[in-house]
Amino acid sequence: YLFHRVSTSLPSACLNLREFKFAQTLIFAIEEINNSTQLLPDVSLGYKIYDSCGSIAQTIQSGMALMNGYDKTLNDTSWLNMWLIHCFVVVVVVFSQISHFATCACLSDRKRYPSFFRTIPSDYYQSRALAQLVKHFGWTWVGTVRSRSDYGNNGIAAFEEAAKEEGVCIEYSEAIFRTDPQEQFLKTLEVIKKGTARVVLAFIALGDFVPLVNLIAQHNITGLQWVGTESWITSRTLAETKEYSFLSGAVGFAIANAKLVGLQEFLVNVHPDKEPRNELLKEFWETAFQCSFRKSGSGGCTGSEKLAELKNEYTDVSELRIANKVYTAVYAVAHTLHNTLKDFKFSSNTSKREWPSPKKDVRFTVKTGEEIFFDTTGDPVARYDLVNWQSAKDGTLQFKHVGLYDINQEHILWAGNSEQLPVSVCSESCPPGTRKAVQKGRPVCCYDCIPCAEGEINSSDCFPCDLEYWSNESKDRCVLKVVEFLSYTEIMGMVLCIFSFIGVLLTIIVSLLFYLHKETPIVRANNSELSFLLLFSLSLCFLCSLTFIGQPTEWSCMLRHTAFGITFVLCISCVLGKTIVVLMAFRATLPGSNVMKWFGSLQQRLSVVSLTLIQLIICVLWLTISPPFPYMNLSYFREKIILECNLGSAFGFWAVLGYTGLLSILCFVLAFLARKLPDNFNEAKFITFSMLIFCAVWLTFIPAYVSSPGKFTVAVHIFAILASSIGLLFCIFAPKCYIILLKPEKNTKTQIMGKSPSTTL
């Protein structure tokens, strides 16, 4: 067993408590096996521990000693002891190695490492799990930092391959090693600082990671989401260092945790007095209690200290993830020996002896309940806990189990007794939004993937969505089209409503002003009865615009067009009546003329009623024969539905609009002819301006109405109603209100009539 120290400076500067706990776990397992009556009942296992000190050179030296130094401890009279030493120590040719912490996927190569086995999963599975984890959280832009070793290089290579399949991009990939100069760590730090990726995957050994996090803490780099591997994601050394609080929120896969009954008592009962010659144990004691081991003097270890009172990484048994792999590795060797000894038979030819291999029929369950076995590559089943680092109240970090990753294909055998899932396809499945196009001259299983057209989705082939549906962005399902109509809740609808109510309010104010001054010459001279009726019809014109807003229904469609047609004809009829009154009044001032008796108050009322009645009859016929109705327009826009009012009979609509236009033109012509009558306050002049605006608005309305898309068609109609109504209100009534309010001295019969004889209109 090679014992590892972790050091950031000199290889032998300190002893690592976690690694020493692993060594003690190995001893614990061996003693447990030696005390067992079921496993190797007649055999006692021994051990030798060599310190690699975290140094490559020291590791090689210890490894050579492990292979070559066994002869010093042999009992020459016991071939069984010699054979056991071979199994544990000799690592060349036919003998096996079992690792508890070597995760590099490269070690699964049976041609290069035929005698290597391990109780910890291969990084091949962890790398793919990390790629899926990153994709799961939607992190498609990440940076990576790795150990410049087989562990880091192979792990990141497998991650990059899996990430590419998942659609994850890597911004940078930095490599470091614990013995690198400071400049290399600073370079890596600068790359991380300048990177735009907010997620960093650290596929790195704990000993290589410590120097980097020290620098990160010194430069106060925060805000990065760290994703870790089993090497450091459950390290108490990192978690309990408050300077490393920037690692809070880190996620990563850890080896499944376990509880080893009796281990804690074994760990705290270790004492240098029990093994006086064990310098390593003394060094551990000094490290644990941070003192020098001597019997007297201040600051020295007396040997009376109690490990049970300490709370450090050695005494903590809440995280036995890696220690459990040490434990199971020892048991794997023991079970291999047990099976081999049980089947071992002597023969006259000793060369026919079968040497033990953990691979051969080794399948057992340890007391933790975990079943241990090895696949054809010498690897165990890959199981991982998803761990999240969360802050504790004391400022340290704690590990929170938030998920599980379990891969087990051990029970499936494919063609040729292979455990590798075979792939046999001519073409990969088409992605969403594409369809299969058979390649000419090849079977139907060989195809190209052609994008589906807009409005189509794919299943086995592209097919169009129903009329009321449209394909989503990925073109893998149909979704309801967006329904569009001019709503009260949208800004344009609100603005038009506000202008409509403003128009009604202004009309009411003018009506109130005229009512309060109904006896004044300017009101009486303008035929107050027709003026009030005109103001009433203008109020209806403003209000009828509201029927065009909101979701079209059967009643609203019929109401909006008929209300518009009737109210505007009523309005124009009043204006036309006022225009005729002006002309008749001028004719009445001529000597011998008695024309006013032919167009008195009764005739004025009858003309307004008759002209409006014609429009009413047109509307009734329209509603009876082919009325407007709500309609979903699916042809104007392919991706959305326009909810509008279908005119029903287009002839009815244009008849209503045409009749209104005819009266407007007639009114404009008559007013234009009377524009130069000699009154100081000429009503015909104002009517001419109002009808000019009215006709201009509705002439421009026709092309705008025809060319406007969707809800803008309705908006154009409402705008025409409001603009023409405001034009009539201001041109006809604004001059009168001006005189009533601001120029009352002109509100006299003499001023109103000027040179013309007095005429009561």
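Rules behind the numbers
- Residues numbered from 1 in each chain as written.
- Predicted model: local features only at pLDDT ≥ 70, side-chain atom pairs only at ≥ 80, totals over all residues.
- Heavy atoms only, no water.
- Helix = DSSP H or I, 4+ residues; strand = E, 2+ residues; numbered from the N terminus.
- Buried < 20%, exposed > 50% of the residue type's maximum accessible area, 1.4 Å probe, protein only.
- Areas by Shrake-Rupley, 256 points an atom, 1.4 Å probe, with all protein chains shown as cover.
- Pairing = 2+ DSSP bridges.
- Disulfide = S-S within 2.5 Å.
- Axes fitted to C-alpha atoms, helices over the stretch in contact; angles between N-to-C directions.
- Parallel < 35°, antiparallel > 145°, perpendicular 65-115°, else oblique.
- Left-handed = near helix turned anticlockwise from the far one by under 90°.
- Contact = heavy atoms within 4.5 Å.
- Expected span 1.5 Å × (residues − 1).
- 1 Å grid on protein atoms, 1.4 Å probe; cavity = no way out; pocket = protein on both sides within 12 Å on 5 of 7 lines; lining within 4 Å.
- Points joined across faces, edges and corners; volume = space filled by probe spheres on them.
- Phe/Tyr/Trp six-rings, centres within 6.5 Å; stacked < 30°, edge-to-face > 60°.
- Lys NZ or Arg CZ within 6 Å of the ring centre and 35° of its normal.
- UniProt positions renumbered as here; feature names shortened; annotations may be inferred.
- Nonpolar A, V, L, I, M, F, W, Y, C, P; charged D, E, K, R; others polar.
- Patch = residues over 30% accessible without salt bridge, like charges linked within 9 Å, V, L, I, M, F, W, Y side chains within 5 Å.
- Salt bridge = Lys/Arg side-chain N within 4 Å of Asp/Glu carboxyl O.

Moving on, we come to the overall build of the protein. Looking only at helices and strands, one finds 20 helices and 24 strands in the protein. Looking at the protein as a whole, 48% of its 761 residues qualify as buried. With the model as given, the accessible surface of the protein reaches about 38,500 Å², and the carbon-plus-sulfur share is 59%.

What follows is about the pairing of strand β7 (residues 199–203). Burial analysis of β7 places 5 of its 5 residues in the buried class, which makes it a mostly covered element. Neither face of β7 is left uncovered, since the one carrying Val199, Leu201 and Phe203 and the one carrying Val200 and Ala202 both have all their residues buried. Here strand β5 (residues 141–147) runs beside β7; their pairing, made up of 5 bridges, is parallel. Within the sheet, the bridge partner assigned to arginine 146 lies in β7 and is phenylalanine 203.

Next up on the list: the state of the cysteines. What the rule picks out here adds up to 2 disulfides. With its sulfur 2.3 Å from that of its partner, cysteine 104 forms a disulfide with cysteine 106. The S-S bond linking cysteine 104 to cysteine 106 shows a torsion near 135 degrees; that makes this disulfide right-handed. For the pair shown, cysteine 104 and cysteine 106 are each scored as buried.

Axis separation between helix α12 (residues 491–516) and helix α19 (residues 711–742) bottoms out at 10 Å; the angle between their running directions is 25 degrees. Our classification of the angle between α12 and α19 gives roughly parallel. The interaxial crossing formed by α12 with α19 has left-handed handedness. Touching Met492, Leu496, Phe499, Ser500, Gly503, Leu506, Thr507, Val510, Leu513 and Phe514 of α12 are Lys711, Phe712, Ala715, Ile718, Leu722, Leu729, Phe730, Phe733, Lys736, Cys737, Ile740 and Leu741, all from α19.

The next point concerns helix α4 (residues 123–136). For α4, with 14 residues, the first-to-last C-alpha span of 19 Å sits near the 20 Å given by 1.5 Å per residue. Residues Asp123, Gln126, Ser127, Ala129, Leu130, Ala131, Leu133 and Val134 constitute the buried set of α4. At the C-terminal side of α4, glycine 138 shows a positive phi close to 75 degrees.

For the structure on display, the rule yields 4 cavities of 30 Å³ or more. As for the second largest cavity, its lining consists of Arg18, Lys21, Phe22, Thr234, Arg236, Glu313, Asp316, Glu319, Leu320, Arg321, Ile322 and Ala323. Broken down by secondary-structure element, the contributors of at least two residues to the lining of the second largest cavity are α1 (17–34) and α11 (321–343).

Here we have 3 strands laid out as an open sheet, ordered β22-β24-β23, and mixed in their pairing. Either end of the sheet is taken by a strand with one partner, and the two such strands are β22 (482–484) and β23 (629–633). Direction aside, neighbouring strands of the sheet carry axes that sit 30 degrees apart on average. Here β22 runs beside strand β24 (residues 640–646); their pairing, made up of 3 bridges, is parallel. Pairing of glutamate 484 across the sheet is with isoleucine 642, part of β24.

Note on placement: phenylalanine 266 falls in helix α9 (residues 263–268). On the accessibility criterion, phenylalanine 266 (18% relative accessible area) is buried. Placed 241 residues apart in sequence, phenylalanine 266 and threonine 25 show a C-alpha to C-alpha distance of 8.7 Å. In this view, phenylalanine 266 contacts Gln24, Ile27, Phe28 and Glu31; residues no more than four positions away in its chain are not counted.

Let us look at the side chain of threonine 660. Secondary-structure assignment places threonine 660 in helix α17 (residues 650–673). Using a relative accessible area of 5% as the deciding quantity, one classes threonine 660 as buried. Beyond its immediate chain neighbours, meaning those up to four positions away, threonine 660 contacts Gly565, Phe568, Val569, Gln615 and Phe694.

Before going further, it helps to spend a moment on the packing of aromatic side chains. For the coordinates displayed, the defined rule picks out 22 aromatic pairs. Ring centres of phenylalanine 20 and tyrosine 314 lie 5.8 Å apart, and the angle between their planes is 40 degrees; on these two criteria the pair is classed as tilted. Here the residue phenylalanine 20 occupies a position in helix α1, and tyrosine 314 occupies one in the loop between β11 (300–301) and α11, the gap between them amounting to 294 residues. Comparing phenylalanine 20 with tyrosine 314 shows no difference in burial state: the two are buried. Sitting above the plane of the phenylalanine 177 ring, arginine 178 keeps its charged end 5.4 Å from the centroid. The aromatic ring of phenylalanine 373 is capped on one face by arginine 363, whose charged end is 4.0 Å from the ring centroid.

Glancing now at the UniProt feature "transmembrane region" (unreviewed entry) in the protein. Per the UniProt annotation, the sites labelled "transmembrane region" (unreviewed entry) are residues 83–108, 491–516, 528–550, 562–586, 606–625, 651–674, 686–706 and 712–734. Structurally, residues 491–516 comprises 100% helix and 0% strand, and the distance from its first C-alpha atom to its last is 37 Å. The span residues 712–734 shows a helical share of 100% and a strand share of 0%, and its end C-alpha atoms are spaced 31 Å apart.

This part takes up the packing of α12 against helix α14 (residues 528–544). At a closest axis distance of 8 Å, the pairing of α12 and α14 adopts a crossing angle of 165 degrees. The pairing of α12 with α14 is recorded here as roughly antiparallel in orientation. Relative to α14, the crossing made by α12 is left-handed. For the pair α12 and α14, the contacting residues are Ser500, Gly503, Val504, Thr507, Val510, Ser511, Phe514 and Tyr515 in the first and Ser531, Phe532, Leu535, Leu538, Ser539, Phe542 and Leu543 in the second. Its residues placed into classes, the contact of α12 with α14 shows 9 nonpolar, 6 polar and no charged.

Mapping tyrosine 447 onto the fold places it in strand β17 (residues 447–451). Owing to a relative accessible area of 10%, tyrosine 447 belongs among the buried residues under this scheme. Along the chain, tyrosine 447 and glutamate 428 lie 19 residues apart, while their C-alpha atoms are 8.8 Å from each other.

Turning next to a nonpolar patch on the surface. A cluster of nonpolar side chains, contributed by Ile491, Val495, Ile498, Phe499, Ile502, Leu505, Leu506, Ile509, Ile726 and Phe730, occupies part of the molecular surface with about 900 Å² of accessible area. Of all the secondary structure elements, the ones that give two or more residues to the nonpolar patch are α12 and α19. On the secondary structure map, leucine 506 appears in helix α12. Leucine 506 sits in the partly exposed class, given a relative accessible area of 32%.

Since the α-helix turns once every 3.6 residues, residues separated by three or four places project in the same direction. Across its 25 residues, helix α16 (residues 601–625) extends 36 Å between first and last C-alpha, which sits within 8% of the 36 Å expected from 1.5 Å per residue. Of all the positions in α16, only Gln604, Ser607, Val608, Leu611, Thr612, Gln615, Cys619 and Trp622 are classed as buried.

Evaluated as defined, the whole model comprises 13 salt bridges. Residues arginine 236 and aspartate 316 are paired through a salt bridge, measuring 3.1 Å at the closest nitrogen-oxygen approach. One end of the pair, arginine 236, is in helix α8 (residues 236–239); the other, aspartate 316, is in the loop between β11 and α11, with 80 residues separating them in the sequence. Look at arginine 236 and you get buried, because its relative accessible area is 15%. Members of the salt-bridge network, linked through shared partners, are Glu319, Arg321 and Asp385.

A word on the side chain of threonine 234. Within the secondary structure layout, threonine 234 lies in the loop between β8 (225–228) and α8. Residue classification places threonine 234 among the buried residues on the basis of a relative accessible area of 10%. Excluding residues within four positions of it along the chain, threonine 234 makes contact with Ala254, Glu319, Arg321, Val387, Trp389 and Phe399.

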